[in-house]
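What follows is each chain in one-letter form.
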Amino acid sequence: MNIAILFGGSSYEHEISIVSAITMKKVLQKSTLTYIFVDANRAFYLVDTEKINSKLFSSGEYRKGKQLTLKKGGFFSEGMFGSKKVEFDVVLNLIHGRDGEDGKIAALMTFFDVPFISPRLEASALSYNKLYTKFLAQSLGVKTVKYEYLSKNDERKITMDYPVIIKPVRLGSSIGVSIVKDASELDYALDVAFEFDTDVIIEPFIEGVKEYNQAGCLTDTWELSIIEEPHKEEFLDFEKKYMDFSRDSQVLAAEIAGDLKEKIQDVFKKIYDPLFRGSIIRCDFFIVEGEVLLNEINPIPGSMANYLFEDFEGMLGRLSRHLPKEKNIPIEYQYIHTIQRAKGKA
């Protein structure tokens, strides 16, 4: 299978996307990989798979590659003798954060009829924005951590007890996230968060809470990963998550009771189907007093959470054969023809 790895983007998580993309070279060894880089100006470039490394992008050397145009059916390079299509079977969207997770790439791929693995437009919009994720969970009957919401111009008051955790609404990778232990720290934490976003979510910081990660997708059957209990620290900051996104070897499954495992998987399935069909997502859960609470949906997890699956590459192939398809709407101009006939112009 020939997989086009789409990465980069105009995002605070641009560099993490590069790390994830390079990791795929170690993970997808049976597939042919075609790398398509989206730079900060949202121009597309074809990157030599053999030469890909982080310095290629930090130095700007990627600009020596062919610039691509997105048109009906795929990506094309323009030359003296016309357009040449870049050959691949499916696009794997690995753009973390804005552009990749907010729905822009999903809309482009759908509009230009390019097969792609990633959440579709509606799923992207609802999972990229942490506030909308709360609304989605509520509509599905999935419980979440309680929260408060503040916009940049709101009065800086919260009602929940300290400590709390402040999160920008539209960012991942722990960028702009702070733990606030008392009221004297609130203003500074909000200043940090508002550097990155106009809106924040405030949640209680639950020290020592049990946390589990479940990833998966739906092909012709459910393909669920092992359940991981992530390494516990106060929280994973940007640098730790940056390293975390380069993981390429499978981790050990969490030691949890069978009934809890079933609960987590049932909640995951409720979130995934049908909204997230065509994608591999990871959901992060908290267990509080025996209840499974959704913490976050990761619509494009770091390195696609490959380290949680026994047969990640095989699963990609199976998923590529079970992608959602837009309904074809025939345009026959019957209404216009009827009007023209009525006016005697047929």
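Residues numbered from 1 in each chain as written. Predicted model: local features only at pLDDT ≥ 70, side-chain atom pairs only at ≥ 80, totals over all residues. Heavy atoms only, no water.

Enquirer: How should I be thinking about the packing of aromatic side chains in this particular structure?
Expert: Any pair of aromatic rings gets described here by the distance separating the centres and the angle formed by the planes. This model, assessed by the stated rule, comprises 16 aromatic pairs. Here the aromatic rings of Tyr45 and Tyr62 are separated by 5.1 Å at their centres, their planes lie at 80°, and the arrangement is edge-to-face. Here the residue Tyr45 occupies a position in strand β3 (residues 44-47), and Tyr62 occupies one in the loop between α2 (54-58) and β4 (67-71), the gap between them amounting to 17 residues. Accessibility classification places Tyr45 together with Tyr62 in one group, the buried group. In this structure an aromatic cluster arises from ring pairing among Phe7, Tyr35, Phe37, Tyr45, Phe57 and Tyr62. (Phe/Tyr/Trp six-rings, centres within 6.5 Å; stacked < 30°, edge-to-face > 60°. Helix = DSSP H or I, 4+ residues; strand = E, 2+ residues; numbered from the N terminus. Buried < 20%, exposed > 50% of the residue type's maximum accessible area, 1.4 Å probe, protein only.)

Enquirer: Can you help me understand the nonpolar core in this one?
Expert: Inside soluble globular proteins, nonpolar side chains tend to come together where they are buried. If you look at the biggest cluster of nonpolar residues, it comprises 58 residues, and the most contacted ones within it are Ile5, Phe7 and Phe312. Broken down by element, the residue count for this core peaks at six residues, all from helix α8 (residues 258-272). In contact with Phe312, other than residues within four places in its own chain, are Met24, Val27, Leu28, Ile280, Met304 and Asn306. Residues Leu70, Phe75, Val91 and Ile95 belong to the second largest nonpolar core, which totals 17 residues. (Core = buried A, V, L, I, M, F, W, Y, C linked by side-chain atoms within 4.5 Å. Contact = heavy atoms within 4.5 Å.)

Enquirer: When you look at the pairing of strand β5 (residues 74-79) in this model, what are you seeing that I'm missing?
Expert: The side chains of a regular strand alternate between the sheet's two faces. Sheet analysis places β4 next to β5, joined by four bridges and oriented antiparallel. Pairing of Leu70 across the sheet is with Phe75, part of β5. Hairpin connection, β5 to strand β6 (residues 82-85): the antiparallel pair is bridged by two residues. (Pairing = 2+ DSSP bridges.)

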